[in-house]
Amino acid sequence: MYGLFAAQRMKTIQDFLIKNKSADITTLSNLLDVSDVTVRKDLEKLEEEGFLIKNHGGAVLVEGSIPDDSGLSIENYSEKEQIADLANTLIEDGDIIFLGPGSTCYLFSKKLKGKNNITVVTNNINAINELYSNVKEIISLGGEIANNNGMLYTTGYFASEYLKGIYVNKAILGVNGVDFKTGFTVNDMSLCNLLKKVPTLSRQIYYLADHTKFDRIGFYQIGPIDSPDCVVSNERLSDAYKQYFYEKDIKILTTFKD
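Note that the structure is predicted; figures quoted are calculated from it, not measured.

Asks: What is the right way to read the overall build of the chain from this model?
Replies: For the chain, the helix and strand inventory stands at nine helices and 15 strands. Taken against the 2.2 N^0.38 rule, which gives 18 Å for 258 residues, the C-alpha radius of gyration of the chain at 19 Å falls within 12% of a compact globule. Dimensions of the chain, computed from the C-alpha atoms along their principal axes, are close to 65 × 35 × 35 Å. When contacts within the chain are restricted to residue pairs at least 6 apart in sequence, those whose partners lie at least 24 apart make up 59%.

Spelled out as structure tokens, the structure:
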């Protein structure tokens, strides 16, 4: 069974092979700080997936096997990537960030390269793979692993327990729905219970949501409509929501300049 830490190891192996084309067991063992036996198991899994070919003492990259985001089936990719770029302008060197699950938060994680001394607390497994070499420290929440269209995240009791005693200055969250009456909502009750704790440990709450999430209702509320410090969306966000956030003195950033 390949879980959270195996996924992180294998992403590191992939990155190394993409750059160097080949690797030996000893080098990977030292890089990952695991045993040779563990490296061999990871290489076997990656060989099954067609990413590499094992040889005596190591492995070589299979030409044309370099992974990309297309396998994640991210809807509205362009809009979400623009939102991620815009959200990145809210981050300053030295920030301690909670990063929630979802595709927009995953794309945001790819934008942190170049920031200095960033610490990220997250249950976004896909994001961990991107953050690994780009931030100062990652605190990954354990717990049950859930899968939403290829976007992996941890949830449940143990993930919530990991949050105890942790404080951040900014929280970046994605949602399944935003509505004037129901606020910011998600479809996973266990995830809701975890994310509802975030405002108690973060100074500021930022929601990332493309226009398709508005006027949509998820099953469980993680925060009322007037709860965030900032909302980041794309140019097709309706004027009604822009006006509401403006009147409530909630910062609203979109990819369109009024």
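That shown, we press on.
Asks: Whenever I open this one, a nonpolar patch on the surface confuses me. Can you help?
Replies: A surface patch of nonpolar side chains, about 400 Å² in accessible area, is lined by Tyr157, Phe158 and Tyr162. For phenylalanine 158, the position within the fold is in helix α7 (residues 157-162).

Asks: Can you walk me through the environment of leucine 43 in this structure?
Replies: Along the chain, leucine 43 falls in helix α3 (residues 36-48). Each C-alpha atom, one on leucine 43 and one on serine 160, is 32 Å from the other, the two residues being 117 residues apart in sequence. For leucine 43, the contacting residues outside a window of four places in its chain are Ile13, Ile25, Leu28, Leu52, Lys54, Gly58 and Ala59.

Asks: Sorry if this is basic, but what is going on with the nonpolar core here?
Replies: Looking at soluble globular proteins, one finds that nonpolar side chains tend to be buried together. With 33 residues, the main nonpolar core has Phe98, Phe184, Leu195, Phe214, Ile222 and Phe245 as its most contacted residues. Listed by contribution, the elements that provide at least two residues to this core are β9 (168-174), β11 (183-186), α8 (189-195), β12 (202-208) and α9 (239-247). By size, the runner-up hydrophobic cluster in this structure holds 25 residues, among which are Ile74, Val120, Val135 and Ile172.

Conventions used here
Residues numbered from 1 in each chain as written. Predicted model: local features only at pLDDT ≥ 70, side-chain atom pairs only at ≥ 80, totals over all residues. Heavy atoms only, no water. Helix = DSSP H or I, 4+ residues; strand = E, 2+ residues; numbered from the N terminus. Rg over C-alpha atoms; globule rule 2.2 N^0.38 Å. Contact = heavy atoms within 4.5 Å. Patch = residues over 30% accessible without salt bridge, like charges linked within 9 Å, V, L, I, M, F, W, Y side chains within 5 Å. Areas by Shrake-Rupley, 256 points an atom, 1.4 Å probe, with all protein chains shown as cover. Salt bridge = Lys/Arg side-chain N within 4 Å of Asp/Glu carboxyl O. Core = buried A, V, L, I, M, F, W, Y, C linked by side-chain atoms within 4.5 Å. Buried < 20%, exposed > 50% of the residue type's maximum accessible area, 1.4 Å probe, protein only.

Scope: geometric values only; no functional claims are made or implied.
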